[in-house]
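Secondary and tertiary structure notes
This is what each chain is made of:
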Amino acid sequence: MKKLVTILVIAVVLATIIVISGPFYILNEGEMAVITRFGKIVAVDRNPGLGFKMPFIDNVVRYPDKLLSWDGDAQRIPTKENQFIWVDATARWRISDAEKFYMSVNTTNGAIARLNDILDSTIRTIISENYLNEAVRNSNVINTITVEEDTLQSVDIESQDQLRDLTKTNTVQQEIKIGREGLSNIMLEEAKPLTEVYGIELEDIIIRQIRYSDDLTESVYTRMIKERNQIAEAYRAFGRGQLATWQGKSENDKMTILSEAYSQSEKIKGEADKQASRIYSEAYSKNEEFFRLWTSLESYKKTLVDKDMTITTSSPYFNYFLFSDETL
């Protein structure tokens, strides 16, 4: 009886030790496990749920079984025409061969270190072998876009069309053959075989952002300023032309108004002279002697003003200087 109890106690203790040592493991969704025994891979488990391992001698190494991201540091890279740009890229990858992955890099941090070396080098090589336009643009749509400046709504339609012609920019960009997306695909083709030896499968490489370096940015700003100055000069030239046109129109309107006013004033003067002649005629017919006196006095006012001379009054013209009964 004692022997049986001893056996049962030993069995319980062994069972407890086995349970405590963890013969089971749980694999979550999106995980895989590499089972090693004395450092040697004995199994790869990709099935979520409860798994079994040999206690004490088996070790479970867990890896993510999903898409992972790689975010590299921005690099300052020269293009084929030796224009420096900052390239910021990202990539997506997964563990395709767990055994290779465990044997080569062992951890995800080790995988990131290998990806840094491979992808940074590949990105630098591809960018430096192509022109700036290929890295910056993805299509030739820009060459089909016509940019027109907003013209003044206060001018007439003909002037608006003229102003559009003056400010229109016909900058034709260089045709691209590969484009940014194409460069990303080339990078993927170049880097993919290099990562497969580590059990890593690259899903894609994406150029996330391209930023001009300071010297290139300065040249771009200089070109933009030059273009805007040309457009500003076109506006000034258009304004000077409009000024000359309106000044000429105003001068013509002025001459027309003055001519019409002069014509009208002459017409009024003619009518006035006509009425004056009629009044004089009527007055003359009523008292001819008074009329002669009046006209003579009016004549004296005009002819003898500021005359520094001696004039005889013996002329009949001065008959009314000395009055007598005969002159009246």
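Scroll up for the structure.
Residues numbered from 1 in each chain as written. Predicted model: local features only at pLDDT ≥ 70, side-chain atom pairs only at ≥ 80, totals over all residues. Heavy atoms only, no water.

Regarding the overall build of the protein
Tallying secondary structure elements over the protein gives eight helices and nine strands in all. Relative to its 328 residues, the protein shows a buried fraction of 27%. A separation of at least 24 residues holds for 69% of the contacts in the protein among residues at least 6 apart in sequence. Split by element, the accessible area of the protein, about 22,900 Å² in all, is 55% carbon and sulfur. (Helix = DSSP H or I, 4+ residues; strand = E, 2+ residues; numbered from the N terminus. Buried < 20%, exposed > 50% of the residue type's maximum accessible area, 1.4 Å probe, protein only. Contact = heavy atoms within 4.5 Å. Areas by Shrake-Rupley, 256 points an atom, 1.4 Å probe, with all protein chains shown as cover.)

Some details on unusual backbone geometry
Comment: phi is negative for the bulk of residues other than glycine, and the bulk of peptide bonds are trans. Within the chain, N82 stands out as a residue other than glycine whose phi angle is a positive 65°. Within the fold, N82 resides in the loop between β7 (75-78) and β8 (84-95). For N106, which is not glycine, the phi torsion reads 70° and is therefore positive. Mapped onto the elements, N106 comes out in the loop between α2 (98-104) and α3 (108-128). For N106, a relative accessible area of 34% corresponds to the partly exposed category.

Things to note about the packing of aromatic side chains
The relative placement of two aromatic rings is captured by the distance of their centres and the angle of their planes. The full count for this structure, using the stated rule, is two aromatic pairs. Geometrically, the ring pair formed by Y63 and F101 is edge-to-face, given 5.0 Å between the ring centres and 80° between the ring planes. Note that Y63 is positioned in strand β5 (residues 58-64) and F101 in helix α2, a separation of 38 residues in sequence. For the pair W93 and F101, a centre-to-centre distance of 6.5 Å together with 20° between the ring planes defines the contact as stacked. One aromatic cluster is present, built from ring pairs that chain together Y63, W93 and F101. One Lys or Arg, R76, reaches over the ring of F84 and ends 4.2 Å from the middle of that ring. (Phe/Tyr/Trp six-rings, centres within 6.5 Å; stacked < 30°, edge-to-face > 60°. Lys NZ or Arg CZ within 6 Å of the ring centre and 35° of its normal.)

Description of the pairing of β7
Residues Q75 and I77 of β7 are buried on one face, while the alternating residues R76 and P78, pointing to the opposite face, are not. The sheet contact formed by β7 and β8 spans four bridges and is antiparallel. Paired with I77 across the two strands is I85, which belongs to β8. (Pairing = 2+ DSSP bridges.)

Notes on the pairing of β5
Among the seven residues in β5, five count as buried, and that is most of the element. Here strand β2 (residues 31-37) runs beside β5; their pairing, made up of seven bridges, is antiparallel. Opposite A33, over in β5, you have R62 as the bridge partner.

Points about the nonpolar core
Counting residues in each nonpolar core, the largest one holds 36 residues, and the members touching the most others are W93 and I127. Other than its neighbours up to four places away in sequence, I127 contacts I77, P78, T79, K80, I85, V87, A135, L183, M187 and I207. (Core = buried A, V, L, I, M, F, W, Y, C linked by side-chain atoms within 4.5 Å.)

Examining the side chain of Q75
Note on placement: Q75 falls in strand β7. A distance of 3.4 Å separates a polar atom in the side chain of Q75 from the backbone oxygen of D120. Residues within four places of Q75 in sequence aside, it is in contact with I85, W86, V87, D120, I123 and R124. (Polar contact = N/O pair within 3.5 Å; in protein donor to acceptor, adjacent residues only side chain to side chain.)

Comments concerning α3
Here α3 contains 21 residues, and its C-alpha end-to-end distance of 30 Å stays within 8% of the 30 Å for a straight helix at 1.5 Å per residue. Turning to α3, its buried residues number three or more, namely G110, A111, L115, I118, L119, T122, I123, I126 and I127. (Expected span 1.5 Å × (residues − 1).)

Thoughts on a nonpolar patch on the surface
On the surface, F24, I26, L50, F52 and M54 cluster together into a nonpolar patch covering about 560 Å² of accessible area. If you list the elements that add at least two residues to the nonpolar patch, you get β1 (24-27) and β4 (49-52). Assessed through its relative accessible area of 51%, F52 is described here as exposed. (Patch = residues over 30% accessible without salt bridge, like charges linked within 9 Å, V, L, I, M, F, W, Y side chains within 5 Å. Salt bridge = Lys/Arg side-chain N within 4 Å of Asp/Glu carboxyl O.)

Points about helix α8 (residues 288-303)
Taking 1.5 Å of rise per residue, 16 residues should cover 22 Å, and α8 covers 22 Å from first to last C-alpha, within 8% of that figure. Within the sequence span of α8, burial applies to L293, S296 and Y300. Taken down its axis, α8 places every buried residue within 70° of arc, on the same side. The exposed set on the far side of α8, more than 90 degrees from its buried face, consists of K301 and K302. (Arc of directions from axis to C-beta.)

Re empty space enclosed by the protein
Taking a probe equal in size to a water molecule and rolling it over the atoms shows the remaining empty space. Evaluated as defined, the whole model comprises one cavity of 30 Å³ or more. A volume near 30 Å³ is recorded for the largest cavity. In this structure, the largest cavity is lined by W70, G72, D73, Q75, V87, D88, A89, D120 and I123. Going through the elements one at a time, β8 and α3 are the ones with two or more residues in the lining of the largest cavity. A class-by-class count of the residues in the lining of the largest cavity yields four nonpolar, two polar and three charged. (1 Å grid on protein atoms, 1.4 Å probe; cavity = no way out; pocket = protein on both sides within 12 Å on 5 of 7 lines; lining within 4 Å. Points joined across faces, edges and corners; volume = space filled by probe spheres on them. Nonpolar A, V, L, I, M, F, W, Y, C, P; charged D, E, K, R; others polar.)

Focus: the sheet that holds β2
Strand order in the open sheet formed by three strands is β3-β2-β5, with antiparallel pairing between adjacent strands. Across the chains shown, the open sheet's two edge strands, defined by having one partner strand only, are β3 (40-45) and β5. In this sheet, adjacent strand axes meet at a mean angle of 25° when their direction is disregarded. (Axes fitted to C-alpha atoms, helices over the stretch in contact; angles between N-to-C directions.)

None of this, on its own, says anything about what the molecule does.
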